[in-house]
Amino acid sequence: MPLDHFNPVIQDISVNKTARKDSPAFSFGERTIQYYELERIASSYGQIRINEKTHHLEKDDVFLRKPGQTVEGFMPYRFQYLTFQVSDPESCSYLNALPDKLNLRKNPRVQTIFDEIQLLFLRNTNTSHLLIKARILELICLFSDTAATCNYSLHVKKAISFMEAHYDQNIGIADIADSAGISVRYLFLQFRTLMSDTPVNYLNQFRLEKSKTLLLDTELSISEIALRCGFQSLSYFDYVFKTHTGSSPASFRRQHVLSGKSDGILKENL
């Protein structure tokens, strides 16, 4: 799992607890994000724009911003904010696949974690920095768990539904991404995060299960089965089948059909 190597290094922390609804409106100015940023909104008076998308703030919105994004905050709003650095590529991929914003109002632990990180950061000891890493990991887990149960996971669900409905057709990764309304890169990132798999591997596995049924329950030729299951060539079907099962389609059919006949004969003789 990517988080096995997740080693967040805290860079900075900031808090604004004084802004009020009638406070003067102003912009922080647009900036490019250098490190990963987690920000909890404590009041809902302003707006935040990320990569030209404006988010109207609600209490307990939590933002996870990624390096390279542009952000501009429009006050007034109250916030708790921290930045951290991650160097492991797998951890970066995991974080980059998560949405930019979720509302975590159903989990009161989130505010407590931000409060604890602030106090630990002020202590500035080796122990406090270890505890900060643990708290950041907890925040990411809460954020990720919420993402998996909200609209974020709908992209993957749409992709899976499309693959299972069209597995017998010549569909490619671009078709799958289009069905989910996202880019190919984002599809791969979301599949890796939520399914610990790739879309191509999921599709091949689904096709293989269909092909096994046809191999055992019909007398169709192996070429016909390959086409009916969406494999565009017999050689590719044979390659994928051997890779996942350790035997060719023909060997699989012979082995299991003969085994089934032997079982039947033994049962009749008992």
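Coordinates for the structure precede this section.
This report concerns the structure included in the present document.

What counts as what
- Residues numbered from 1 in each chain as written.
- Predicted model: local features only at pLDDT ≥ 70, side-chain atom pairs only at ≥ 80, totals over all residues.
- Heavy atoms only, no water.
- Core = buried A, V, L, I, M, F, W, Y, C linked by side-chain atoms within 4.5 Å.
- Buried < 20%, exposed > 50% of the residue type's maximum accessible area, 1.4 Å probe, protein only.
- Helix = DSSP H or I, 4+ residues; strand = E, 2+ residues; numbered from the N terminus.
- Contact = heavy atoms within 4.5 Å.
- Salt bridge = Lys/Arg side-chain N within 4 Å of Asp/Glu carboxyl O.
- 1 Å grid on protein atoms, 1.4 Å probe; cavity = no way out; pocket = protein on both sides within 12 Å on 5 of 7 lines; lining within 4 Å.
- Points joined across faces, edges and corners; volume = space filled by probe spheres on them.
- Nonpolar A, V, L, I, M, F, W, Y, C, P; charged D, E, K, R; others polar.
- Pairing = 2+ DSSP bridges.
- Phe/Tyr/Trp six-rings, centres within 6.5 Å; stacked < 30°, edge-to-face > 60°.
- Axes fitted to C-alpha atoms, helices over the stretch in contact; angles between N-to-C directions.
- Parallel < 35°, antiparallel > 145°, perpendicular 65-115°, else oblique.

Counting residues in hydrophobic clusters, the biggest one holds 28 residues, and the most contacted among them are L38, L82, F84, L95 and I140. When contributions to this core are tallied by element, the ones reaching two or more residues are β1 (9–16), β4 (36–41), β7 (61–65), β9 (79–85), α1 (89–97), α2 (109–123) and α3 (126–148). With 7 residues, the top contributor of residues to this core is α3. Those residues in contact with F84 that lie beyond four places of it in its chain are F6, P8, V9, I10, Q11, Y35, Y36, L38, L95, I136 and I140.

So, on to the pattern of salt bridges. Here the structure, examined in full by the defined rule, presents 16 salt bridges. In this structure, R109 and E116 form a salt bridge, with 3.2 Å as the shortest nitrogen-oxygen distance. In this structure E116 comes out as partly exposed when scored by relative accessible area, which is 22%. Each of R31, E37, E39 and R65 takes part in a single network of salt bridges with overlapping partners.

For the rest of this paragraph, the subject is the layout of surface pockets. A volume near 180 Å³ is recorded for the second largest pocket. Along the walls of the second largest pocket sit 13 residues, with F28, R31, E39, R65 and Y77 positioned nearest its centre. Counting only elements with at least two residues in the lining of the second largest pocket, the list comes to β8 (70–75) and β9. A total of 3 residues in the lining of the second largest pocket trace back to one element, the largest contributor, which is β8. By residue class, the composition of the lining of the second largest pocket is 6 nonpolar, 3 polar and 4 charged.

What follows is about unusual backbone geometry. With an omega of 15°, the peptide bond between M75 and P76 qualifies as cis. Tracing the chain through its elements places P76 in the loop between β8 and β9. Even without being glycine, E52 reaches a positive phi, approximately 75°. At D60, a residue that is not glycine, the phi angle is positive and equals roughly 75°. Topologically, D60 is positioned in the loop between β6 (53–56) and β7. For D60, a relative accessible area of 15% corresponds to the buried category.

For the rest of this paragraph, the subject is the pairing of β4. Remark: a regular strand shows side chains that alternate across the two faces of the sheet. By the criterion of burial, β4 is predominantly enclosed, with 6 of the 6 residues buried. Every second residue of β4 is oriented toward a common face, with Y36, L38 and R40 on one face and E37, E39 and I41 on the other, all of them buried. Two strands pair when backbone bridges link them, and β4 and β7 are joined in this way by 4 bridges, in the antiparallel orientation. Across the sheet, E37 pairs through a bridge with R65, a residue of β7.

Glancing now at the packing of aromatic side chains. Each aromatic ring pair is described using two quantities: the centre-to-centre distance and the angle formed by the ring planes. Taken as a whole and judged by the stated rule, the model has 12 aromatic pairs. Each ring, one from F26 and one from F28, has its centre 5.5 Å from the other, and the planes form 80°; the classification is edge-to-face. Taking the centre distance of 5.0 Å and the plane angle of 40° together, the rings of F231 and F237 count as tilted. F237 matches F231 in its accessibility class, with the two residues each being buried.

Pairing within the open sheet is antiparallel, and its 5 strands lie in the order β1-β9-β4-β7-β10. At either margin of the open sheet sits one strand with a lone partner, and together these are β1 and β10 (101–103). Within the sheet, the average angular offset between the axes of one strand and its neighbour, ignoring direction, is 15°. Contacts between α2 and the sheet are confined to β1, β4, β7 and β9, with β1 contributing the most and set at about 110° to the helix. On top of the sheet, α3 reaches β1, β4, β7, β9 and β10; it is set at about 80° to β10, its chief contact.

For the pair α1 and helix α6 (residues 184–195), the least separation of the axes is 9 Å and the interaxial angle reads 105°. The angle between α1 and α6 places the two elements in the roughly perpendicular class. Seen from α1, the contacting residues are E90, S93, Y94, N96 and A97; seen from α6, they are R185, Y186, L189, Q190, R192 and T193. When its residues are assigned to classes, the contact of α1 with α6 shows 4 nonpolar, 4 polar and 3 charged.

What follows deals with the packing of helix α4 (residues 154–166) against α6. Running from N to C, α4 and α6 cross one another at 100°; their axes reach a closest spacing of 10 Å. Taken together, α4 and α6 sit at an angle that is classed as roughly perpendicular. Packed against α4, whose contacting residues are H155, V156, A159, I160 and M163, the element α6 presents Y186, L187, Q190, F191, L194 and M195 at the interface. For the contact of α4 with α6, the per-class residue count stands at 9 nonpolar, 2 polar and no charged.

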